[in-house]
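Spelled out, the chains give:
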Amino acid sequence: MPTLSERDHAVLWHPYTQMQTAPLPIPIIKGEGSWLIAEDGTRYLDGISSWWVNLHGHAHPHIAARVSAQLSTLEHVLFAGFTHPTAVELAEQLLEILPDNQARVFYSDNGSTAVEVALKMVLQYFHNQGQPQRRTFICFQNSYHGDTFGAMAVSSRGAFTQPFWPLLFDVEFLDVPVPGREAEVLAQLDALLLRPDVAGFIFEPLVLGTAGMVMYEPEILSEMLRRCHRAGVLGVADEVMTGFGRTGPLFASGLLNEQPDIMCFSKGLTGGTLAMGLTTCAAPIYAAFLSDDKMRALFHGHSYTANPVACAAALASLELTRADTCTDQRRCIEAAHSAFRQEIAGQPGIRAVRHRGTILAVEYDPGEDTSYFSRLRDAFYQLAIDNQVVLRPLGNVVYLLPPYCTSDAELALLYDVLRRMRALVLDFLPAPTLPEYLHD
Ligand SMILES: *Cc1c(COP(=O)(O)O)cnc(C)c1O
């Protein structure tokens, strides 16, 4: 009898995976709190919320109950010409907690489509207003906004998108204004804002996830948005990863004193239960699509737009996220991360430690030899798995992004793996060569 992994290997094609060389996938048959339970009974601690989606733990009974009730009430209805209670309720509740200027909610299916919709809103906003020359986006070097074509175009020109480079529309890249580089980046932005063709600035607020959890401060982002607004350029906050409490407050944009015009959400939106994306916008954006002319409408929609079951999952998850318990859980994780950061920052083998909210990133020092990078990544991954912990290192950066229900004892297990990784790095590093005169 072939195992589940072998049957998978015969018929499936996995994301971001070189199928020829990848080890067989680990079969998971159950989820429980922060744990994933494999077919053979091994329990794995989910240190990255299953690719940043899970908020309150796996198979959460409250979300399961709401989803189950919705399934036997209304599973789906088309969303053009029709509406339903969970879609309305979710939009009302979100607008209550989003930055004040956000006025409308547009549903789609995932983070990439939420970004596609945002890009189309920006471009058609200017088109509808007779300014079609405004069609260039500004984005950050090393940014990641998804895997569909528009989202790839506004993302880093990295190795993953290389086969498609010739087909990606041109954008202007800015450096990330990490501490110490703010003035330089403002100058780059000012130069771009002089151009008549710039339409929007899309960014991952405060934390660039895929870039390696690169972090920058709310003050500089607020200043960049102010300058965009003065130049008539729209700001698009891609909160697909940062939304729903990851950075501490409910939204990273909550820390800004100049608000984005458009916002994108997915991942934590349904607590990690079902795929859904949404794009919200400020009133003037929405107003630019209102007209007696049908052609000014936003012609975008997916078959499963505003799926009632996904909306029910999102409502249940939002209830949990807005409860005091969740705020306390996030504070506990934040405090624990902060203590661990103080413990290991500056130690040999550690290049930098970054932390914001429930996200912690350790950048290990792989030494001079860059061929260590990929070997180190695989060794890190395996070390975590051998310790029954799921982590996905980004090169020499290993981050924790745990579900909010992760306990102190579980966090201790994650930190222990990060300490072991440091030991591994020190083994990888060649011993320092002593100066001649010290040899004997
Ligand atoms: C994951 C991610 C996306 C893409 O979301 P998908 O649901 O995977 O398509 C977009 N933007 C950011 C910031 C992300 O982290």
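None of the values given here were measured: they were computed from a predicted structure.

Chemist: Could you give an account of the overall build of the protein chain, naming the residues involved and the relevant values?
Modeler: A count of helical and extended segments in the protein chain gives 13 helices and 16 strands. Relative to a compact globule of 440 residues, whose C-alpha radius of gyration would be 22 Å, the protein chain shows 23 Å and is just as compact. Dimensions of the protein chain, computed from C-alpha atoms along their principal axes, come out at roughly 85 × 55 × 45 Å. In the protein chain, the proportion of contacts linking residues at least 24 apart, taken out of those at least 6 apart, comes to 70%. Of the accessible surface of the protein chain, which amounts to about 20,500 Å², a share of 56% is contributed by carbon and sulfur atoms. For the protein chain, the centre of its 31 positive side-chain charges and the centre of its 48 negative side-chain charges are spaced 3 Å apart.

Chemist: Any chance you could break down the pattern of salt bridges for me, citing the residues and the numbers?
Modeler: With the rule as written, the count across this model stands at 20 salt bridges. The residue R351 makes a salt bridge to E363 at a minimum N-O spacing of 3.8 Å. Placement of R351 in strand β13 (residues 350–356) and of E363 in strand β14 (residues 359–364) is noted, with a sequence separation of 12 residues between them. With relative accessibility at 43%, the residue R351 sits in the partly exposed group. Overall, E363 belongs to the buried group, its relative accessible area being 16%. A salt bridge links D416 to R419, with the shortest nitrogen-to-oxygen separation between them at 3.9 Å. With a gap of 3 residues between them, D416 and R419 both fall in helix α13 (residues 408–428), about one helical turn apart. One network of salt bridges, with partners in common, ties together D190, E223, R226 and R227.

Chemist: With reference to specific residues and values, describe the site of the ligand.
Modeler: Looking at the ligand, the residues that line it are W52, N110, G111, S112, Y144, H145, G146, E204, D238, V240, M241 and K267. Contact between the ligand and G111: an oxygen atom at 2.8 Å from a main-chain N or O atom of the residue. One of the side-chain N or O atoms of D238 is found 2.6 Å from a nitrogen atom in the ligand. Considered on its own, the ligand offers 380 Å² of accessible surface; in the complex 84% of this is hidden by protein. The class makeup of the residues in the shell around the ligand is 4 nonpolar, 5 polar and 3 charged.

Chemist: Which residues make up the confidence of the model for the protein chain, and what values do they have?
Modeler: Predicted confidence across the protein chain gives a mean pLDDT of 96, with 97% of residues reaching 70 or more. Put simply, helix α12 (residues 372–386) is where the protein chain has its lowest mean pLDDT, 88, and strand β11 (residues 262–265) is where it has its highest, 99.

Calculation notes
- Residues numbered from 1 in each chain as written.
- Predicted model: local features only at pLDDT ≥ 70, side-chain atom pairs only at ≥ 80, totals over all residues.
- Heavy atoms only, no water.
- Helix = DSSP H or I, 4+ residues; strand = E, 2+ residues; numbered from the N terminus.
- Rg over C-alpha atoms; globule rule 2.2 N^0.38 Å.
- Contact = heavy atoms within 4.5 Å.
- Areas by Shrake-Rupley, 256 points an atom, 1.4 Å probe, with all protein chains shown as cover.
- Lys, Arg positive; Asp, Glu negative; His and termini not counted.
- Charge placed at Lys NZ, Arg CZ, Asp CG, Glu CD.
- Salt bridge = Lys/Arg side-chain N within 4 Å of Asp/Glu carboxyl O.
- Buried < 20%, exposed > 50% of the residue type's maximum accessible area, 1.4 Å probe, protein only.
- Near = heavy atom within 4 Å.
- Polar contact = N/O pair within 3.5 Å; in protein donor to acceptor, adjacent residues only side chain to side chain.
- Nonpolar A, V, L, I, M, F, W, Y, C, P; charged D, E, K, R; others polar.
- pLDDT = per-residue confidence, 0-100.

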